[in-house]
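# What the coordinates show
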Amino acid sequence: MTKGEPTLAIILFFVAFAQQFLVALNIRNISTGRIRAAAATSFLIAITWGMAVVIIASNARTFLSLIFYGFGASAGVITSILFDKYIHPKKEER
């Protein structure tokens, strides 16, 4: 493991987390007809994907970084499900 590898792995975790959370949020925005919100989340998704590609292509040298990237993606999906279940108001609550 190189000197900066743990920091890189943590950064990749949060980039993947943000990507997956935004993708799930974007799906909800599209399905509910929120066009502006869907456009904004699509823009943020593109930025996080670009960040991931640059980070992985230029710095990720070990499997540890990619494992953290995978865990970040899983955590982002789980968080978006919990967000939708507990925070987003249902139609009957509005």
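Residues numbered from 1 in each chain as written. Predicted model: local features only at pLDDT ≥ 70, side-chain atom pairs only at ≥ 80, totals over all residues. Heavy atoms only, no water.

Moving on: helix α2 (residues 35-58). Over its 24 residues, α2 runs 35 Å from end to end, which matches the ideal 34 Å to within 8%, given 1.5 Å per residue. Every buried residue of α2 is listed here: A38, T41, I45, T48, A52 and I55. (Helix = DSSP H or I, 4+ residues; strand = E, 2+ residues; numbered from the N terminus. Expected span 1.5 Å × (residues − 1). Buried < 20%, exposed > 50% of the residue type's maximum accessible area, 1.4 Å probe, protein only.)

Our focus in this paragraph is the side chain of Q19. Along the polypeptide, Q19 turns up in helix α1 (residues 5-31). Assessed through its relative accessible area of 1%, Q19 is described here as buried. Once residues within four sequence positions are removed from consideration, Q19 is found in contact with T48, W49, A52 and Y69. (Contact = heavy atoms within 4.5 Å.)

The next thing to look at is the nonpolar core. Judged by nonpolar contacts, L8, L12, V15, A16, A52, I55 and Y69 together constitute the single largest core of 7 residues. Listed by contribution, the elements that provide at least two residues to this core are α1 and α2. Looking at which element gives the most residues to this core, the answer is α1, with 4 residues. Residues in contact with V15, not counting those within four places in the same chain, are T48, M51, A52 and I55. (Core = buried A, V, L, I, M, F, W, Y, C linked by side-chain atoms within 4.5 Å.)

Applying the stated criterion across every chain, the model contains 3 aromatic pairs. Where F17 meets F21, the ring centres are 6.3 Å apart and the plane angle is 5°; that geometry is what we call stacked. Pair noted here: F17 and F21 are both in helix α1, with a separation of 4 residues, about one helical turn. Here the aromatic rings of F21 and F83 are separated by 5.7 Å at their centres, their planes lie at 75°, and the arrangement is edge-to-face. A residue pair is termed long-range when its members are at least 10 positions apart, and F21 in helix α1 and F83 in helix α3 (residues 63-87) qualify at 62 residues. Taking the relative accessible area as the measure of exposure, F21 reaches 19% and is therefore buried. Classification of F83 as partly exposed rests on a relative accessible area of 26%. What links up through ring pairs into an aromatic cluster is the set F17, F21 and F83. (Phe/Tyr/Trp six-rings, centres within 6.5 Å; stacked < 30°, edge-to-face > 60°.)

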